[in-house]
Amino acid sequence: MGDNISGPIFISIGDEEKLATFLEKNPEIPRDQVFVDDYSFEAYKAAGFGKFDDVDKDVAKEAMGNMVAPDLGLKGWWNYMTSVGKVSPIPKDMKFGDVPEGVLRLGGTFVVSGNEIVYRWSDRVPGDHPDIDNVLQIAEESASKKEGDIFQGVLKMFGQ
């Protein structure tokens, strides 16, 4: 990846405790590149992300047809299965039987150059994502054209 690229920056739903658990399980991810949106979902709303139960059924079916399980290996799957409940966006005061809004929220991917969003992808179902090689190519092309402060672009994107 080019020297002019800052990131990636991850924004997820949760709280500091869930973030700490995630970072413990993923030590290769720098702490200063991960942020959590609380259970008000303000950052996700500002970014225009929707909820899984609002997606058109045909769109969801198409997206799910393109998904495959990652090759995590036995240790990776064990790590996932023993951690997923600890990092899932479920508030502590959740009542049994309720569906937490956090698990219905969809995310996305942005490439930000300075104050400009040069690429945007909104997930259609949980686990949906863009072609990573394409995203990296767009980021590298953007970085070679213009240097910018990615953090200012991210803050502007979320109305800060």
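Cut-off values and rules
- Residues numbered from 1 in each chain as written.
- Predicted model: local features only at pLDDT ≥ 70, side-chain atom pairs only at ≥ 80, totals over all residues.
- Heavy atoms only, no water.
- Helix = DSSP H or I, 4+ residues; strand = E, 2+ residues; numbered from the N terminus.
- Buried < 20%, exposed > 50% of the residue type's maximum accessible area, 1.4 Å probe, protein only.
- Areas by Shrake-Rupley, 256 points an atom, 1.4 Å probe, with all protein chains shown as cover.
- Expected span 1.5 Å × (residues − 1).
- Arc of directions from axis to C-beta.
- Contact = heavy atoms within 4.5 Å.
- Polar contact = N/O pair within 3.5 Å; in protein donor to acceptor, adjacent residues only side chain to side chain.
- Core = buried A, V, L, I, M, F, W, Y, C linked by side-chain atoms within 4.5 Å.
- Pairing = 2+ DSSP bridges.
- Right-handed = clockwise from strand over helix to strand, strands pointing away.
- Axes fitted to C-alpha atoms, helices over the stretch in contact; angles between N-to-C directions.
- Parallel < 35°, antiparallel > 145°, perpendicular 65-115°, else oblique.
- Left-handed = near helix turned anticlockwise from the far one by under 90°.

Student: Before we move on, could you go through the overall build of the protein and cite the residues and values that matter?
Tutor: Secondary structure assignment for the protein yields seven helices and four strands. Overall, the protein shows an N-to-C arrangement of helices and strands of β-α-β-α-α-α-α-β-β-α-α. The buried share of the protein, taken over its 160 residues, is 31%. Taken as a whole, the protein presents about 10,700 Å² of accessible surface, with 54% of it coming from carbon and sulfur.

Student: With reference to specific residues and values, describe helix 6 (residues 132-145).
Tutor: With 14 residues, helix 6 ought to run about 20 Å at 1.5 Å a step, and its terminal C-alpha atoms sit 20 Å apart, in line with that. For helix 6, the full list of buried residues reads Val135, Ile138, Ala139, Ser142 and Ala143. Down the axis, helix 6 shows its buried residues gathered within 130° of arc, on one side only. For helix 6, exposure combined with an orientation more than 90 degrees from the buried face picks out Asp133, Ser144 and Lys145. Residues of helix 6 that are buried in the fold lie against strand 3 (108-113) and strand 4 (116-122). A distance of 3.1 Å separates the backbone nitrogen of Asp133 from a side-chain oxygen at the start of helix 6, and that oxygen is part of Asp131.

Student: Tell me what's going on with the nonpolar core, and back it up with residues and numbers.
Tutor: The nonpolar side chains of a soluble globular protein tend to be buried with one another. Membership of the largest hydrophobic core is limited to seven residues, which are Ile13, Phe41, Tyr44, Ala47, Phe49, Phe110 and Val112. In terms of nonpolar packing, the next biggest core, distinct from the first, is built from six residues, Val111, Trp121, Ile138 and Ala139 among them.

Student: An account of the pairing of strand 2 (residues 34-37) is needed here, citing residue identities and associated values.
Tutor: As paired strands, strand 1 (residues 10-13) and strand 2 are joined by four bridges and run parallel to one another. By the bridge assignment, Ile13 is partnered in strand 2 with Asp37. Assessed by its sense of winding, the connection that carries the chain from strand 1 through helix 1 (residues 16-25) to strand 2 is right-handed.

Student: Pulling in residues and values, what's your account of the packing of helix 1 against helix 4 (residues 73-87)?
Tutor: Interaxial distance between helix 1 and helix 4 falls to 9 Å at its minimum, and their mutual angle equals 160°. The angle between helix 1 and helix 4 falls in the class roughly antiparallel. Seen along the crossing, helix 1 lies across helix 4 with a hand that is left-handed. On helix 4, the residues touching Lys18, Thr21, Phe22 and Lys25 of helix 1 are Asn79, Thr82, Ser83, Gly85, Lys86 and Val87.

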